[in-house]
Amino acid sequence: LFLFIWSRVNGVCVCVCAFSMLSRAASPFSKTCRVGKLFAKHFKLEQHREFLARTPLHIGIGTPNRMLKLFESGSLSNKQLRFVILDWTWKDAKQRQLWQVPEVAQDLSTLCSTYLLPRIQRGKAVISLF
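Here's a quick rundown of the structure. Owing to the predicted nature of the structure, the values given are computational and were not obtained by experimental measurement. Positions within a chain are numbered from 1, following the residues in the order the chain's sequence is written. Local features in a predicted model are, by the rule used here, given only for residues with pLDDT of at least 70; side-chain atom pairs are given and counted only at 80 or more, and totals for whole chains, interfaces and linings are based on all residues. Excluding hydrogens and water, the side-chain values take into account all heavy atoms of the structure.

Points about the overall build of the protein chain
Labels follow the DSSP assignment, with helices taken as runs of H or I lasting at least four residues and strands as runs of E lasting at least two, numbered in each case from the N terminus. If you tally the helices and strands in the protein chain, you get four helices and five strands. A total of 130 residues make up the protein chain; the buried ones form 42% of that total. We call two residues in contact whenever any of their non-hydrogen atoms come within 4.5 Å of each other. In the protein chain, the proportion of contacts linking residues at least 24 apart, taken out of those at least 6 apart, comes to 64%. Three labels apply to residues, based on accessible area from a 1.4 Å probe with only protein chains included: buried if under 20% of the type maximum, exposed if over 50%, partly exposed otherwise in between.

Next comes the structure, spelled out in structure tokens:
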């Protein structure tokens, strides 16, 4: 799962998972920091696209699949991507981690190779494991 943090001022973007924990941590900054849940479970893709078109986000959290679809549709951009944080401790009901779930691993691989690694290789972003 992912969390993206964007700052129009600083050009900061982060990618993580633990939404509730991060949302609570960001609450003191709620006037200047917008957090968005970008999970397919909560909204349809078109709803997220419309939301992102009208709402500047500082923090966006979602699964590799949803983030990939939002990047592919142009609703998310990696131009201000600065930090990528993967929730490496996440496990599904079968106790598999991100890279062990075939459909998640494929989306994660495509997301990283297409949208994240180019910025990381140019020194514009950093990837971390949580």
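That shown, we press on.
Focus: the nonpolar core
Core analysis: the largest hydrophobic core is formed by 20 residues, its most contacted members being L38, L52, L76, L111 and L116. Counting residues per element, the ones that place at least two in this core are α3 (64–72), β4 (83–86) and α4 (102–121). Counting residues per element, this core draws most heavily on α4, which supplies six residues. To define a nonpolar core, start from buried Ala, Val, Leu, Ile, Met, Phe, Trp, Tyr and Cys residues and group those joined through side-chain atoms within 4.5 Å.

What about the packing of α3 against α4?
Between α3 and α4, whose axes approach to 8 Å, the crossing angle comes to 40 degrees. Accordingly, the angle class assigned to the pair α3 and α4 is oblique. Relative to α4, the crossing made by α3 is left-handed. Taking contact as the criterion, the partners of P64, N65, M67, L68, F71 and E72 in α3 are, on α4, V104, D107, L108, T110, L111 and Y115. Lines are fitted to the C-alpha atoms to define the axes, a helix being fitted only along its stretch in contact, and any angle between axes, read from their N-to-C directions, falls within 0 to 180 degrees. Small angles under 35 degrees read as roughly parallel and large ones over 145 as roughly antiparallel, with 65 to 115 read as roughly perpendicular and the rest as oblique. In a left-handed crossing the near helix is turned counterclockwise from the far helix by less than a right angle, and in a right-handed crossing that turn is clockwise.

Remarks on the side chain of Q97
Residue position: Q97 is located in the loop between β4 and α4. A polar contact of 2.7 Å, which involves the side chain of Q97, links it to the backbone oxygen of W88. If sequence neighbours within four positions are ignored, Q97 has contacts with W88, T89, W90 and K91. N or O atoms within 3.5 Å of each other form a polar contact, as long as, within protein, one can give a hydrogen and the other can take it, and as long as residues adjacent in sequence are counted only when both atoms are side-chain atoms.

Structural notes on α3
P64, R66, M67, L68, L70 and F71 are the residues of α3 that are buried. Remark: G74 follows α3 within two positions and exhibits a positive phi of approximately 85 degrees.

Let's talk about the packing of aromatic side chains
Here is the rule: rings of Phe, Tyr and Trp (six-membered ring for Trp) pair when centre to centre is within 6.5 Å. Planes less than 30 degrees apart are stacked, more than 60 are edge-to-face, and the remainder are tilted. One pass over the full model with this rule turns up two aromatic pairs. Between F71 and Y115 the ring centres are 4.9 Å apart and the planes differ by 15 degrees, which places this aromatic pair in the stacked class. In this pair, F71 is assigned in helix α3 and Y115 in helix α4, connecting sequence segments 44 residues apart. With respect to class, F71 is no different from Y115; both count as buried. When the ring of W88 is compared with that of W99, the centres are 4.6 Å apart and the planes differ by 20 degrees; the resulting orientation is stacked.

So, the pairing of β4
Where burial is concerned, the two faces of β4 differ: the one with V84 and L86 is buried and the one with F83 and I85 is not. Pairs of strands are assigned from DSSP output, requiring at least two bridges between the strands. Where β4 lies against strand β5 (residues 126–129), four bridges are found, and the strand directions are parallel. Bridging from a neighbouring strand, L86 pairs with L129 of β5.

A few points about the pattern of salt bridges
Close approach of charged atoms allows side chains of opposite charge to pair. The term salt bridge refers to a side-chain nitrogen of Lys or Arg lying within 4 Å of a carboxyl oxygen of Asp or Glu. Summed over all chains, the structure comprises one salt bridge. A salt bridge links E46 to R49, with the nearest nitrogen and oxygen atoms 3.5 Å apart. You can see E46 and its partner R49 sitting in helix α2 (residues 45–54), three residues apart, about one turn around the helix. Overall, E46 belongs to the partly exposed group, its relative accessible area being 43%.

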